[in-house]
Protein chains: 2
Amino acid sequence: MLSLLDLCARIDAGRLTPEGAIGLVREAIAAREPEVGALVCVDPAPVVPGKGPLAGIAVGIKDIIDTADLPTRMGSAIYDGWRPRADAPAVARLKTLGAVPLAKTTTTPFAFLDPTATRNPNHPGHTPGGSSAGSAAAVAAGMLPLALGTQTGGSIIRPAAFCGVVGVKPSFRLLPTVGVKCYSWALDTLGLFAAGVADAAHALALLADRPAIARVEEAGAPRIGILRQDFCAAPEPEAEAALARAAQAAERAGAAIRDLTLPAPFGEAFAVHGTIQDYEARQALAWEYATHRDALPPRLRAALDAAQGIETASYDAARRTAHHARRGLKDVFSEGGFDVLLTYAAPGAAPAGLDHTGDSRFNRLWTLMGVPCVTLPVDRTSAGLPVGIQVIARFGDDGRALAAAGLIERALRE
Amino acid sequence: MLSLLDLCARIDAGRLTPEGAIGLVREAIAAREPEVGALVCVDPAPVVPGKGPLAGIAVGIKDIIDTADLPTRMGSAIYDGWRPRADAPAVARLKTLGAVPLAKTTTTPFAFLDPTATRNPNHPGHTPGGSSAGSAAAVAAGMLPLALGTQTGGSIIRPAAFCGVVGVKPSFRLLPTVGVKCYSWALDTLGLFAAGVADAAHALALLADRPAIARVEEAGAPRIGILRQDFCAAPEPEAEAALARAAQAAERAGAAIRDLTLPAPFGEAFAVHGTIQDYEARQALAWEYATHRDALPPRLRAALDAAQGIETASYDAARRTAHHARRGLKDVFSEGGFDVLLTYAAPGAAPAGLDHTGDSRFNRLWTLMGVPCVTLPVDRTSAGLPVGIQVIARFGDDGRALAAAGLIERALRE
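Below you will find a few notes about this structure. (Residues numbered from 1 in each chain as written. Chains lettered and ligands numbered in written order. Predicted model: local features only at pLDDT ≥ 70, side-chain atom pairs only at ≥ 80, totals over all residues. Heavy atoms only, no water.)

## Considering a positive patch on the surface
Part 1 of the argument: A surface patch of positive charge is lined by Arg327(A), Lys330(A), Arg327(B) and Lys330(B).
Part 2 of the argument: Counting residues per element, the ones that place at least two in the positive patch are helix 11 (312-336) of chain A together with helix 11 (312-336) of chain B.
Part 3 of the argument: Looking at the element boundaries, Arg327(B) is found in helix 11. (Patch = residues over 30% accessible without salt bridge, like charges linked within 9 Å, V, L, I, M, F, W, Y side chains within 5 Å. Areas by Shrake-Rupley, 256 points an atom, 1.4 Å probe, with all protein chains shown as cover. Salt bridge = Lys/Arg side-chain N within 4 Å of Asp/Glu carboxyl O. Lys, Arg positive; Asp, Glu negative; His and termini not counted. Charge placed at Lys NZ, Arg CZ, Asp CG, Glu CD. Helix = DSSP H or I, 4+ residues; strand = E, 2+ residues; numbered from the N terminus.)

Shown next, in the form of C-alpha cells:
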C-alpha cells in the first residue's frame, strides 16, 4: 500500500516531487485498476499544488461526494452525466491542503446495499464490502494513499476491514457532510481510508483542522473495554480470534484490558437504527423514488417501498431511544473507567461473492451513537483475506481512538 | 392575503378547482409582482394535482432550495443557469401533498446579509427583511398562500415580522434541510410563511407529517413568560408596545403571564452564535470563496474574509457554550412552569431603505437553541408598517408555540 506519511516525507526531503507522487499513483492505477474496478473516473489533468501539507497526495472521492471538476454519479444511472457546480467542503479542504482529488471511487447506488462491480483486492471472488467499496479497495490495492468515504450503517468500517486497510468513521459531523448525497441526515458520517493508523490520523487532523488528533504517540497506555456486542448475532470464529489477538497485543503494550457488557438500552438503540435510517432515506430520496422508482436497484427499491409505511411516531420514538443511549454511553466510559472500547469490525473476513456487500451489524449502533470508530487489520485467513477489529472512543475523542489503534498496530508488528 | 385554509375549504366544497386556485395566484402575481419583486421565476406550466390535502395550493420556494423543474440561483451570479437534478425533500413532499411549487422566491446571496431588490409590500421604501425576503413579501402581498424559507440567524422571523405575515421557524431538523444550500449546518432551519397562524399550523403539520401540530384549538390557556432578551440592545418603542399589547391580549384570553429574565449562560450563547455560523460558513462556501471570491457580494465576502481567522478551538468552545445553554433552557421552561415564551420578533418595524435587511439580534439565540419560533403581526406603525411579536416553545413542542400564537391572534381580533 501507499503510505501517505511516507510520500509526504519523501516530498519534504526533496526525494520526490508532488507531480512525481501523482505519477506513482497513476502507475499503480494502471497496474491494479483493471482487476479491482475501484474507480469511476480519473482526472486526466488535475491541478497539482506544489505546496501544502498534503501536496502530492492523490485522494479518492466516494462518488456520492460533490466534485466540481469530475462527474458525481451516486452509483446510479439516474445521475448519469451529473456534474455538481461546487466541490463539497471536504473536497475543497483537500485542495487547500495541497492534495489532489484525483479519482471518484465506486459507491453502491446511493450508498445503500446493492453491490458495485468492485472486487476485493485480496481475493477477486470476494466482496470488498460497501457502500464505500471503491475507496477501501483503491487504498488496499495500493492505488491511492487516501480516500474519502461515508458511513450510515457500516459503510466505512466494514469495507476497510474486508479490504485490510485502516478506516476511520470520525465523531458525527467532525467532517461536514455538506455536498454529500444524503441517505440519513442523523447518521451519514464522512470519514476516510488510509494504509496505516498514523497515515489516517495525520489526514484526519488536517481535514478537521485539529492537530491534536494526530498526536497518536503522546497518549499513554489506554484502559480498554472488550465488547462483544451480544445484542446481535455472534460473529465467526476468525473475528473472535482477531479480537483476542488485538486484546493480547494491547495488553503486551501495557494497556489495561477488561471485558464489558452493555446494558439493555444499547440493544434497544441497535434495534431502532433501521427505523431512523429508512424513515430519513424515504425523505432524502423522495424525488428519486417518485420520479425514477424503476431505475432504483432492487435492494434500495425494496427498502424504500417498505419505508413508506414507517409511522412518524415510530421515528420519533426511535430518536428518543437513540438519544437515551447516547447519554448513557458517556456513563459507560466514565463509570467503567474506559478510554476506548475494542470490538469486532465485522462478523468475519470478506464473504465470498460479489452479489452482496456483507453485514454491518457490528457497526450500526456506533454510527447511531455518533462516536469515533477506527478499524485496523490484525489477522488474515488461510485464503489470505484480512480480518480487522474496531476501536471506539467517546464522542469528540477521535484522537484517543486513533492512539489506541496505533498502539495495537505497533504491538502487532512486534 | 391568500389564506391557505380558505382556499382548501373552497376547493373541498367544490366552489373552486385546484386549477382555479392556481389561476387566482397567477392574477395576484400579475397585479403585485411588478412593484414588489419577490419572485425569481414562475413555472409557466406546472403539474397541478387534482387531489391531495394541499391540492391547488401554490407555494413559493426560497431560491436556495433545490428544484428539479426550476433553476436554483442562490441569489448569486455564481449559480446563473444552475439547475439541480433533484427536488429537495421538502419540495418533493409538497408535490406529494398536492401542492404546486409555482415560483422561486428571492433570497439574499447564499442567504446572508446582502440585500435583494425585493420591496416591502407595506411600503416600497422599506426593506422586507432577509434572507427569505421573497417568501415573506410574496405572502404579504397576497401573491402566494404559502412559501418556504430558511433561518440561520433571523431569516424567517425577521422578514415575516417586517412584512406582516405569520412566520414559523420549526424545531431544528423538524423539516429536512437536505437539498437546501448550506450556510451553517448547526443552524440552518427550514420553515414557512403563511397568512395566518392556523394556515401555517395546517401546512407545517402536513409537511412534517405530524397532525398534532395543527390541533391549535385543542390546547388550553398557556402559561407565558414575557422575555425582553436584555442580553442584547433594547428594541424600539414600537416593539415594546407590540409585546405589551400581545401580552395583554393573551391575558384577556385567559393565559397566565409572568416576566422572565434568562441567566448568564444564555447571554454567552447569544454571543457565540456568530462564531458557529461563520466558522461553518467558511467550510460550507469554501468552493465559492476559493474560486469566485470576487463575485461574492460585499457583506458576504467581508464575513468570509473574517471567518478565515476563526480558530477551530473557538468554534469547539462555542459549541460547548451552546450545548450548555440548550440543556439549561429545558429547566427554564420546567422550573418556571412556562408553556411558551413571548418576546420581540425584531427591534421594530421594517427600517427604511433597501440597502440592508434589518437586525436579527432577537432571533439568533433561538435559532442556536433549535427551539420552535412563531411570529405574528400585532400592530402597525403610523406609516402602515406591521410590528410582530415572537412566540417560543420547547424543542419539539412546535404545536404549543402555534397554539399560543393562535390564541394571541384571536384575542387581538376581538
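## Section: the relation of the copies chain A and chain B
Part 1 of the argument: Structural alignment of chain A on chain B gives an RMSD of 0.0 Å, achieved by rotating through 180° and translating 0.0 Å along the axis. The relationship between the two copies is best expressed as a two-fold rotation axis. When C-alpha distances to the rotation axis are compared across chain A, the minimum falls at Pro84(A), with a value of 4.1 Å.
Part 2 of the argument: Here 100% of the interface residues in chain A have copies in chain B that are interface residues too; the copies meet face to matching face. (Least-squares fit on C-alpha atoms with pLDDT ≥ 70 in both. Contact = heavy atoms within 4.5 Å.)

## Quick word on helix 2 (residues 18-36) of chain B
All names here are of chain B.
Part 1 of the argument: In a regular helix each residue adds 1.5 Å, so 19 residues correspond to 27 Å; helix 2 covers 25 Å between its end C-alpha atoms and thus fits that length.
Part 2 of the argument: In the structure, helix 2 departs most strongly from a straight axis at Ala 30, where the bend amounts to approximately 35° and where the proline Pro 34 lies between one and four residues downstream.
Part 3 of the argument: When helix 2 is considered as a whole, its buried residues turn out to be Pro 18, Ala 21, Ile 22, Val 25, Ala 28, Ile 29, Glu 33 and Val 36.
Part 4 of the argument: Those residues of helix 2 hidden inside the fold are in contact with helix 1 (4-12), strand 1 (39-42), strand 2 (58-62), strand 3 (100-105) and helix 4 (133-140).
Part 5 of the argument: Gly 37 sits one or two positions beyond helix 2 and adopts a positive phi of about 65°. (Expected span 1.5 Å × (residues − 1). Bend = angle between axes of the 7 residues up to and from the residue. Buried < 20%, exposed > 50% of the residue type's maximum accessible area, 1.4 Å probe, protein only.)

## Some points on the sheet that holds strand 8 (residues 256-260) of chain B
All names here are of chain B.
Part 1 of the argument: Spatial strand order, 1-3-2-4-6-5-10-11-9-7-8: 11 strands in an open sheet with mixed pairing. Across the chains shown, the open sheet's two edge strands, defined by having one partner strand only, are strand 1 and strand 8. Geometrically, the sheet is characterised by an average inter-axis angle of 30° between neighbouring strands, direction not taken into account.
Part 2 of the argument: Alignment of strand 9 (residues 340-344) against strand 11 (residues 386-393), held across 5 bridges, turns out to be antiparallel. Each bridged residue has a counterpart across the sheet, and for Leu 342 the counterpart in strand 11 is Val 391. (Pairing = 2+ DSSP bridges. Axes fitted to C-alpha atoms, helices over the stretch in contact; angles between N-to-C directions.)

## Some thoughts on the interface of chain A and chain B
Often, the extent of an interface is quoted as the loss of accessible area upon association of its parts.
Part 1 of the argument: In this assembly, 35 residues from chain A lie in contact with 35 residues from chain B.
Part 2 of the argument: Where chain A packs against chain B, one counts 2 salt bridges.
Part 3 of the argument: One salt bridge in this structure joins Asp316(B) and Arg210(A), with 2.6 Å as the shortest N-O distance.
Part 4 of the argument: Inspection of the chain A/chain B interface yields 6 residue pairs in polar contact (both at pLDDT 80 or more).
Part 5 of the argument: A total of 6 residues in the side of chain A that touches chain B trace back to one element, the largest contributor, which is helix 11 of chain A.
Part 6 of the argument: Per-class residue counts for the side of chain A that touches chain B are 19 nonpolar, 3 polar and 13 charged. (Polar contact = N/O pair within 3.5 Å; in protein donor to acceptor, adjacent residues only side chain to side chain. Nonpolar A, V, L, I, M, F, W, Y, C, P; charged D, E, K, R; others polar.)

## Let's talk about the packing of aromatic side chains
Part 1 of the argument: Counted according to the given criterion, the structure contains 13 aromatic pairs over all chains.
Part 2 of the argument: Residues Phe231(A) and Phe270(A) carry aromatic rings whose centres are separated by 5.2 Å and whose planes lie at 45° to one another, so their mutual orientation is tilted. Of the two residues, Phe231(A) is situated in the loop between strand 7 (223-227) and helix 7 (237-252) and Phe270(A) in helix 8 (residues 264-284); the sequence distance between them amounts to 39 residues.
Part 3 of the argument: Under the relative-accessibility criterion, Phe231(A) is labelled partly exposed at 22%.
Part 4 of the argument: Ring geometry for Tyr279(B) versus Tyr315(B): centroids 4.3 Å apart, planes at 15°, classification stacked. One end of the pair, Tyr279(B), is in helix 8 (residues 264-284); the other, Tyr315(B), is in helix 11, with 36 residues separating them in the sequence. As far as burial versus exposure is concerned, Tyr279(B) and Tyr315(B) are alike and both buried.
Part 5 of the argument: Through successive ring pairs, a cluster of aromatic residues spans Tyr79(A), Trp82(A), Phe110(A), Tyr79(B), Trp82(B) and Phe110(B).
Part 6 of the argument: In this arrangement the basic side chain of Arg85(A) is found over the ring face of Tyr79(B), its NZ or CZ atom lying 5.8 Å from the centre. (Phe/Tyr/Trp six-rings, centres within 6.5 Å; stacked < 30°, edge-to-face > 60°. Lys NZ or Arg CZ within 6 Å of the ring centre and 35° of its normal.)

## Side note on the pattern of salt bridges
Part 1 of the argument: For the structure on display, the rule yields 38 salt bridges over all chains.
Part 2 of the argument: With its nearest N and O atoms 2.9 Å apart, the salt bridge here joins Asp339(B) to Arg223(B). Separated by 116 residues along the polypeptide, Asp339(B) in the loop between helix 11 and strand 9 and Arg223(B) in strand 7 (residues 223-227) bring together distant segments of the chain.
Part 3 of the argument: Classification of Asp339(B) by relative accessible area gives buried; the value is 7%.
Part 4 of the argument: Overlapping salt bridges bring together Asp69(A), Asp87(A) and Lys95(A) as one network.

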